Amino acid sequence: MERAFTAVALGLFDGVHLGHRAVIDSALAQRENGLSASVFTFEPDCVLIKTGGASGYIYTKTEKEILLWEMIGVDDIVSPPFESLCSLTGEEFAKEILCRQLGAAHVCCGNDFRFGKNAACGAQELMDFGKRFGFEVEVVSPVEYGGSIVSSSRIRELLLKGDIASSNALLGFNYFINAEVTDGSHIGRTIDFPTINQDFPEGQLVPKFGVYSTFTNVGGRILPSVTNIGVKPTIEGVRRPLAETHIIGFSGDLYGKNVDVCFKSFIRPERKFSTLDELKKQISADIAAATM
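Residues numbered from 1 in each chain as written. Predicted model: local features only at pLDDT ≥ 70, side-chain atom pairs only at ≥ 80, totals over all residues. Heavy atoms only, no water.

Trainee: I tried to follow the overall build of the protein on my own but got confused; where do I start?
Mentor: Secondary structure assignment for the protein yields 9 helices and 13 strands. Taken over the C-alpha atoms alone, the protein extends approximately 70 × 40 × 35 Å along its principal axes. Out of the 292 residues belonging to the protein, those deemed buried represent 49%. In the protein, of all internal contacts separated by at least 6 residues, the share reaching a separation of at least 24 is 70%. Looking at the protein as shown, the accessible area adds up to about 13700 Å², and 51% of this sits on carbon and sulfur atoms. Here the protein contributes 28 positively and 36 negatively charged side chains, and the mean placements of these two sets differ by 4 Å. (Helix = DSSP H or I, 4+ residues; strand = E, 2+ residues; numbered from the N terminus. Buried < 20%, exposed > 50% of the residue type's maximum accessible area, 1.4 Å probe, protein only. Contact = heavy atoms within 4.5 Å. Areas by Shrake-Rupley, 256 points an atom, 1.4 Å probe, with all protein chains shown as cover. Lys, Arg positive; Asp, Glu negative; His and termini not counted. Charge placed at Lys NZ, Arg CZ, Asp CG, Glu CD.)

Dropping the structure here:
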């Protein structure tokens, strides 16, 4: 058996929220013992598989990797498709994946972590396997906020209500999207408010339709912005949900680039306007609200 040098944080880590951070931080702390810190997670669509499509995933693979690599600073991310491992028993997962492939010396998980075929194993079984295969197991207690346990399902509920302030508190970071800027109808330019359009992938949770105060990272410059999430009901023919952001004080071409848009607060629900002039006046009011 190969010598182990890795501390592994186990979890789906859909929202990479405060509870997830506690597990990951436990792995990071093992650097003091000479171990590198790895995260073992699954592709985002695992959420769809586990819930039968009832819940959308919070972050895409790219967004999750930005959080793990850039904001948290882990050493490695292992993120296989769920289908490639779902048939493994708990023992096979511990022996083949944790021990042989990852070289785990220390494994961290939450007390509700499940693994193995049909999610048959939990933290106790993981500790038993650790004794057999030579790795320590650290079970991290849940994190509470506002009197309740922090969870991805709780954050989904908040996002669907448009309660960005509360969801940001549970996430530990501002909720954000990172997606390619796509070509749109260019209506914004005709009313002096050019926007960037970013699509939500199929399966990703779409927050409550409406207008949000945001800030946008443009080449390292953090600029105030206003974002509408929805289907642009004033414009004929647009029906798929997307994020449309006006970056205050910016003019330039961002088509084809991946841009971070971070959400601060909910301003108002999405609505249909009778004329583009009415829409223009409302956007001016939204900008004023966002920059107060």
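Trainee: Even after reading the chapter, I still don't get the layout of surface pockets, so can you show me in this structure?
Mentor: Which parts of space are left empty comes out when a probe the size of a water molecule is rolled across the atoms. Taken as a whole, the largest pocket encloses approximately 930 Å³ of empty space. At the level of secondary structure, the elements contributing two or more residues to the lining of the largest pocket comprise α1 (18-28), α2 (46-51) and α6 (152-161). The residue inventory of the lining of the largest pocket, partitioned by class, reads 20 nonpolar, 14 polar and 6 charged. (1 Å grid on protein atoms, 1.4 Å probe; cavity = no way out; pocket = protein on both sides within 12 Å on 5 of 7 lines; lining within 4 Å. Points joined across faces, edges and corners; volume = space filled by probe spheres on them. Nonpolar A, V, L, I, M, F, W, Y, C, P; charged D, E, K, R; others polar.)

Trainee: What exactly am I supposed to notice about the pattern of salt bridges here?
Mentor: A side chain of one charge can pair with a side chain of the opposite charge if their charged atoms are brought near each other. Considering all chains together, one arrives at 8 salt bridges under this definition. Here Arg156 makes a salt bridge to Asp14, at a shortest N to O gap of 2.4 Å. With a gap of 142 residues between them, Arg156 in helix α6 and Asp14 in the loop between β1 (6-10) and α1 connect regions that are remote in the sequence. Each member of the pair, Arg156 together with Asp14, is buried. Linking Arg132 and Glu91 is a salt bridge whose minimum nitrogen-to-oxygen distance equals 2.8 Å. Taken together, the residues span a long stretch of sequence, with Arg132 in helix α5 (residues 123-133) and Glu91 in helix α4 (residues 90-101) at a distance of 41 residues. Residue Glu91 is classed as partly exposed on the basis of its relative accessible area, which comes to 33%. (Salt bridge = Lys/Arg side-chain N within 4 Å of Asp/Glu carboxyl O.)

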